[in-house]
Every structure is written in C-alpha cells, then in structure tokens.
Amino acid sequence: MAEVSSDAGPAGDPVRVVIADDHARYRQSMTLVVELDGSARVVGQAGDGEEALAVCARVRPDVVLMDVRMPGLGGIDAVARLSVDAPDVRTVMLTMSDEEDELLEALRVGAVGCLLKDRPGEEVAEAVRHVHAGGAVLPARLAAALLDELGRRRPGPGPAQTRLLRLLARGMSQAVAVAALGLADGELAPLLGGILAALRSRPDAPVPTRGESAPSPDG
C-alpha cells in the first residue's frame, strides 16, 4: 500500500469511521485498532447493512469498514445503496476469504477495496488513511481478478493501469509498485480511481475466450 500523508483530514481532523460487522467483539477490537494512532475516530457501529445505512445517514462518516456477509441486508447490497445515498463515503469491505467474484461485485457497486479480517492492526489503520486520501486497497488476488476482468473488455485497461495491476497481482505493495513504475506523488490515486471507474463502466464488448466467437454487430 502506498505511503500517504498522516494528515487525517482538513486541519488535521481525525478521519470519521463507521464499522459494520455482525460480531460486537470484532467491532470493539477494530475500534481500538482504528483509533490507536489518533488519525481516525470511530463515530458509529452497526451490526447489519440496514443499521449501517441508518448510522451513516446520521453521523456522515468519511470511511466505512463493512463486513461482506451480515444477517439481513448484506455488505455488498448496503454498499450499493450507500454509494447512491452518500457517494463521497469511502467503503472498504471486511472479509474472511478473498472470494474474487464477491469482492469484484463489491467494487462494481462502490467499494474502494477490501481487507482480510486477519490483517495486522497497522494495515487496517493505514488502509483507512489511504482510502480517505483517494486510494484503494487491492490485495494480490483481487488485483489479479481485476486484471483478468478488465482484460476481457474492449477497450481494456490502459498501459499504466495494466502495469500497476500486474505488480500488485504479484504481491508487490503499492508503495513499491509506485517506485517501480516511476510514478510521481499524487499519480497513484487517479490511476487506482481509473481502474475502479473502468470496472464500473459498461463494457462495449467482452473479449471472446478460446473457442468462442465474437458477437456480431447485429447481436
């Protein structure tokens, strides 16, 4: 993950965070982790998607840490609604597994990345700062899935996007990838934003896989 400024927000205000997970103990432990260095403050908690939407409407967070699977309204459906109701909120999915299809769908509907629940606390805190600064959190398998998904489309990802996703898919951190690509300060966030925008756009036509023929213009 790229190094980002430690400034949490305007005038150094802490990043306002909501944690949505159906396990109260996990929410409590995450609160301690998120608030440890003072750059972020947990302003609300929720145990399911509906409650998360209500809490977000009330406290207006900057970042939401959202469990993928919760009873009732799940995390992905909640993100889809949140991206309409509060498009400026940055949502990171929390998951026990890195199931690519599920996480790609979360990105499609508005999430800006995912974190495995067993990641060290400092990674969680850094992820909060990173997405608040405009970045995205893309673990290796998710980056590989993005590369595969976007590579099937026409137009596909741009050269810089492709190079970045390839490095991330190999397990390289965003900070190291930035150095390897020779990116200047401020170039990573727009590049990641372009990747997510491409995923959310309607593809003109998928690239046929082996053994398939391309669709005709007439369908």
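This structure is a prediction, so every number in the text was calculated from the model and none was measured.

Colleague: Would you take a moment to explain the overall build of the chain for this structure?
Modeller: What the chain contains, in helices and strands, is 9 helices and 7 strands. Out of the 219 residues in the chain, the part that is buried amounts to 43%. Contacts spanning at least 24 positions in sequence make up 68% of the contacts within the chain whose residues lie at least 6 apart. Total accessible area on the chain is roughly 11,100 Å²; 51% of this is exposed by carbon and sulfur atoms.

Colleague: Mind showing me how you'd approach the sheet that holds strand β2 (residues 40-46) here?
Modeller: Adjacent strands of a sheet pair through backbone hydrogen bonds, lying either parallel or antiparallel. Pairing in this open sheet of 5 strands is parallel, and the strands run β2-β1-β3-β4-β5 from one edge to the other. Every interior strand has two partners, whereas the edge strands, β2 and β5 (114-116), have only one. Averaged over all adjacent pairs, the angle separating strand axes in this sheet is 25 degrees, with direction ignored. Of the strands in this sheet, β1 (15-20), β2, β3 (63-67), β4 (90-95) and β5 are in contact with helix α5 (residues 121-132), which crosses β3 at around 125 degrees.

Colleague: Quick question: what am I supposed to make of the nonpolar core here?
Modeller: What tends to happen in soluble globular proteins is that the nonpolar side chains get buried as a cluster. With 64 residues, the main nonpolar core has Val17, Leu65, Met66, Met93 and Leu138 as its most contacted residues. If one sorts the elements of this core by residue count, helix α9 (residues 188-200) sits on top with 6 residues. The residues contacting Leu65, other than those within four sequence positions of it, are Val17, Val18, Ile19, Ala20, Met30, Val34, Val92, Leu94, Val124 and Val128.

Colleague: Help me understand α5, please; the structure alone is not making it clear to me.
Modeller: For α5, built from 12 residues, the straight-helix expectation of 16 Å at 1.5 Å per residue is met to within 8% by its first-to-last C-alpha distance of 17 Å. Those residues of α5 not exposed but buried are Val124, Ala125, Glu126, Ala127, Val128, Arg129, His130 and Val131. A positive phi of about 105 degrees marks Gly134, the residue just after α5.

Colleague: Honestly, the side chain of Ser39 in this entry has me stumped. Any pointers?
Modeller: Position of Ser39 relative to the elements: it lies in the loop between α1 (24-35) and β2. For Ser39, the side chain forms a polar contact with the side chain of Asp37, separated by 2.8 Å.

Colleague: Help me out: how do you make sense of the environment of Arg90 in this one?
Modeller: With respect to the secondary-structure elements, Arg90 resides in strand β4. Look at Arg90 and you get partly exposed, because its relative accessible area is 22%. Each C-alpha atom of the pair Arg90 and Asp62 lies 6.3 Å from the other, and the pair is 28 residues apart in sequence. Setting aside its immediate chain neighbours within four residues, Arg90 contacts Asp62, Val63, Val64, Val112, Val131, Gly134 and Gly135.

Colleague: Explain the pairing of β1 to me, please; I cannot follow it from the model alone.
Modeller: Remember that side chains alternate between the two faces of the sheet whenever the strand is regular. Among the 6 residues of β1, 5 are classified as buried, and the element is accordingly described as predominantly covered. The pairing of β1 with β2 spans 6 bridges and is parallel. Residue pairing in the sheet places Val15 in a bridge with Ala40 of β2. The β-α-β motif built from β1, the intervening α1 and the parallel element β2 has right-handed crossover chirality.

Colleague: How should I be thinking about unusual backbone geometry in this particular structure?
Modeller: For residues other than glycine, phi is negative in most cases, and the peptide bonds are mostly trans. Phi is positive for Arg60, close to 50 degrees, though the residue is something other than glycine. Along the chain, Arg60 turns up in the loop between α2 (49-59) and β3.

Scoring rules and cut-offs
- Residues numbered from 1 in each chain as written.
- Predicted model: local features only at pLDDT ≥ 70, side-chain atom pairs only at ≥ 80, totals over all residues.
- Heavy atoms only, no water.
- Helix = DSSP H or I, 4+ residues; strand = E, 2+ residues; numbered from the N terminus.
- Buried < 20%, exposed > 50% of the residue type's maximum accessible area, 1.4 Å probe, protein only.
- Contact = heavy atoms within 4.5 Å.
- Areas by Shrake-Rupley, 256 points an atom, 1.4 Å probe, with all protein chains shown as cover.
- Pairing = 2+ DSSP bridges.
- Axes fitted to C-alpha atoms, helices over the stretch in contact; angles between N-to-C directions.
- Core = buried A, V, L, I, M, F, W, Y, C linked by side-chain atoms within 4.5 Å.
- Expected span 1.5 Å × (residues − 1).
- Polar contact = N/O pair within 3.5 Å; in protein donor to acceptor, adjacent residues only side chain to side chain.
- Right-handed = clockwise from strand over helix to strand, strands pointing away.

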